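Secondary and tertiary structure notes
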Amino acid sequence: RDEDELEELPTAIISRKVSQTSVYLQEWDIPYEQLQLGELIGKGRWGKVHKGRWHGEVAIRLLEVAGDQQEHLKLFKKEVMNYRQTRHDNVILFMGACMVPPHLAIVTSFCRGATLYSMVRERAATLDLNRTRQIARDIVNGMSYLHAKGIVHKDLKSKNVFYHTNKVVITDFGLFGMSGLVQQGRKKTVLRIPHGWIYYLAPEIVKQMGPEVDEDQLPFSKAADVYAFGTVWYELHSGGWPLASQPVEAKIWLLGSGEGVRKELADANLGKEITEIVSTCWSPEASARPTFSQLAGMLERLPKLNRRLSHPGHF
Ligand code: ATP
Ligand code: MG
């Protein structure tokens, strides 16, 4: 046995030198045949998500590929490289990926519990200030971890944050890198904005959007992630999205200019401390927004809850 292992060692070292990337990726390669595909949970803009089994319960995101497979495979592997290096309590557990076309899939732990999206809308009554603050702290910790790893989420929103047994899990970061892969047949004459997306988009992104612009070309950044967090924080305290009653054209204009948002905030009456955090995250200038580490500090410095906030907002 020992001899066998010794003989194998040099080849392993050589192949690592030949292609470090492909060797790393092999560790995360899950043969598609090993997956047990279960019920369809939902279909989002990046394809279908199934419940499934692979050494226990998992979530399986299937990606449909078309056209130039080599190009797509490269894109896909690049994203998988990002996923595999994340280990944080508030970030979804990446378990592996199927990397042999046509079966491209991402396998993660399965999130029980609800998304924040449905929590704030259906169970608002259970969200007291203690809890919203703890949720926000978890999100901020997960996000500052991702940013420290050089990963921009690009799609932070309440639908991509799960909450279960007092713990937050952030999902679906980096999928935007694969826009080109899943949106082959996109028409270049109309601008389609998926429902609810606009609220999380920083003005610098809204200004760049157009039918001609591919989504993976938009100016996503760490600061744009902070803008999106501002919206999640707003939802946590108001139970919904801002400007919800406005027609979509007005929303685009109001959000793009950053002006409508100020008025909305003044009207929402969430209390001074909460409003301050929303407005700094929603700063029209990206450079004026705090980092997630700074946000962590701001959350710490919120007044202790045994003292009343200057205005208790909705709760
Ligand atoms: P959008 O299409 O705007 O991104 P979404 O985030 O709801 O919206 P998907 O991310 O494609 O869309 O998710 C599809 C469905 O699968 C949703 O109902 C989502 O809550 C669920 N889902 C996604 N990932 C997991 C997971 N790891 N565990 C459990 N359910 C998940
Ligand atoms: Mg999602």
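As shown above, the structure is provided for reference.
A short tour of the structure in this document, coming up. Since the structure is predicted, the reported quantities are computational estimates derived from the model, not experimental observations.

**Here we look at the site of ligand 1**
- Around ligand 1, the structure places 19 residues, and the nearest of them are Arg61, Cys111, Lys157, Asn160 and Asp172.
- In this structure, Lys157 approaches ligand 1 through a side-chain N or O atom, which is 2.4 Å from an oxygen atom.
- With the chains in place, 85% of the 600 Å² that ligand 1 exposes on its own is no longer accessible.
- Ranked by residues supplied to the shell around ligand 1, first place goes to strand S1 (residues 36-44) with 3 residues.
- In terms of residue class, the shell around ligand 1 is built from 7 nonpolar, 7 polar and 5 charged.

**Quick look at the sheet that holds strand S3 (residues 57-63)**
- Pairing is antiparallel in the open sheet, where 5 strands are placed in the order S1-S2-S3-S5-S4. Where the open sheet ends on each side, the last strands, each with one partner, are S1 and strand S4 (94-100). Pairwise comparison of adjacent strand axes, ignoring direction, gives a mean angle of 25 degrees for this sheet.
- As paired strands, S4 and strand S5 (residues 103-109) are joined by 6 bridges and run antiparallel to one another. Bridging across to S5, Ala97 finds its partner in Ile106.
- Strands in contact with helix H3 (residues 69-84) are S3, S4 and S5; relative to S4, the strand with the most contacts, it is inclined by about 165 degrees.

**Remarks on the side chain of His147**
- With respect to the helices and strands, the residue His147 is situated in helix H5 (residues 129-148).
- Residues within four places of His147 in sequence aside, it is in contact with Val152, Lys222, Asp225 and Phe292.

**Side note on H5**
- For H5, with 20 residues, the first-to-last C-alpha span of 28 Å sits near the 28 Å given by 1.5 Å per residue.
- Immediately downstream of H5, the backbone of Gly150 shows phi near 80 degrees, a positive value.

**A few points about the coordination of the magnesium ion (ligand 2)**
- Around the magnesium ion (ligand 2), the protein contributes the donor atoms Asn160 (OD1) and Asp172 (OD), at 1.9 to 2.0 Å from the metal centre. Here Asn160 is found in the loop between H5 and strand S7 (161-164), whereas its partner Asp172 is found in the loop between strand S8 (167-170) and helix H6 (179-182), with 12 residues between them in sequence. Judged on exposure class, the residue Asn160 and its partner Asp172 are both buried.

Cut-off values and rules
- Residues numbered from 1 in each chain as written.
- Chains lettered and ligands numbered in written order.
- Predicted model: local features only at pLDDT ≥ 70, side-chain atom pairs only at ≥ 80, totals over all residues.
- Heavy atoms only, no water.
- Near = heavy atom within 4 Å.
- Polar contact = N/O pair within 3.5 Å; in protein donor to acceptor, adjacent residues only side chain to side chain.
- Areas by Shrake-Rupley, 256 points an atom, 1.4 Å probe, with all protein chains shown as cover.
- Helix = DSSP H or I, 4+ residues; strand = E, 2+ residues; numbered from the N terminus.
- Nonpolar A, V, L, I, M, F, W, Y, C, P; charged D, E, K, R; others polar.
- Pairing = 2+ DSSP bridges.
- Axes fitted to C-alpha atoms, helices over the stretch in contact; angles between N-to-C directions.
- Contact = heavy atoms within 4.5 Å.
- Expected span 1.5 Å × (residues − 1).
- Donors = N, O, S within 2.8 Å, 3.2 Å for Na, K, Ca; no water.
- Buried < 20%, exposed > 50% of the residue type's maximum accessible area, 1.4 Å probe, protein only.

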